[in-house]
Amino acid sequence: MADVEIKVRDNGPYKVTGPVRLIDADGNVFEIEGDRPIALCRCGQSRTKPFCDSSHKETGFQSCPRAQGI
């Protein structure tokens, strides 16, 4: 099985690559084409939640978190 990677994009969405199933709070599965990467909204303004529609660019969303070294 391939690895799943979730990348935090500066001032943008979470980019998810690898084989994943995205499930809503009621247990319904979102349809995702093949193994294509998906972008998940972080700004809360997307009209296609949970997916990113680039609304973060219009709203001026800013967030650049960095992992803390161990």
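Our structure is the block above this text.
An account of the accompanying structure is given in this report. (Residues numbered from 1 in each chain as written. Predicted model: local features only at pLDDT ≥ 70, side-chain atom pairs only at ≥ 80, totals over all residues. Heavy atoms only, no water.)

**Description of the side chain of serine 46**
Inclusion rule: Only DSSP runs of H or I covering at least 4 residues are called helices, and only runs of E covering at least 2 are called strands; the numbering of each starts at the N terminus. Contacts were defined at the residue level, with two residues in contact if any of their heavy atoms lie within 4.5 Å.
Along the chain, serine 46 falls in the loop between β3 (38-40) and α1 (55-59). Dropping the residues within four chain positions of it, serine 46 is found in contact with Cys41, Phe51, Cys52, Asp53 and Ser55.

**Quick look at the environment of serine 46**
Selection rule: Think of it in three bands: with a 1.4 Å probe and only protein chains considered, a residue is buried below 20% of the maximum accessible area for its type, exposed above 50%, and partly exposed in between. Pairs of N or O atoms are called polar contacts if they sit within 3.5 Å, as long as, within protein, a hydrogen donor faces a hydrogen acceptor (for residues adjacent in sequence, only side-chain-to-side-chain pairs).
The exposure class assigned to serine 46 is buried, which follows from its relative accessible area of 5%. On a C-alpha basis, the gap between serine 46 and histidine 56 in space is 7.6 Å, while along the polypeptide they are 10 residues apart. There is a polar contact of 3.5 Å between the side chain of serine 46 and the backbone nitrogen of aspartate 53.

**Overview of a nonpolar patch on the surface**
Using the following cut-off: Excluding any residue in a salt bridge, patches collect residues exceeding 30% relative accessible area, merging like charges within 9 Å and nonpolar Val, Leu, Ile, Met, Phe, Trp and Tyr side chains within 5 Å. All accessibility values rest on the Shrake-Rupley procedure with a 1.4 Å probe; residue burial counts only the protein chains present in the view. Salt bridge, as used here: a side-chain nitrogen of Lys or Arg that lies within 4 Å of a carboxyl oxygen of Asp or Glu.
A surface patch of nonpolar side chains, amounting to about 390 Å² of accessible area, comprises Val4, Ile6, Val8, Tyr14 and Val20. As for its placement among the helices and strands, valine 8 is situated in strand β1 (residues 5-8).

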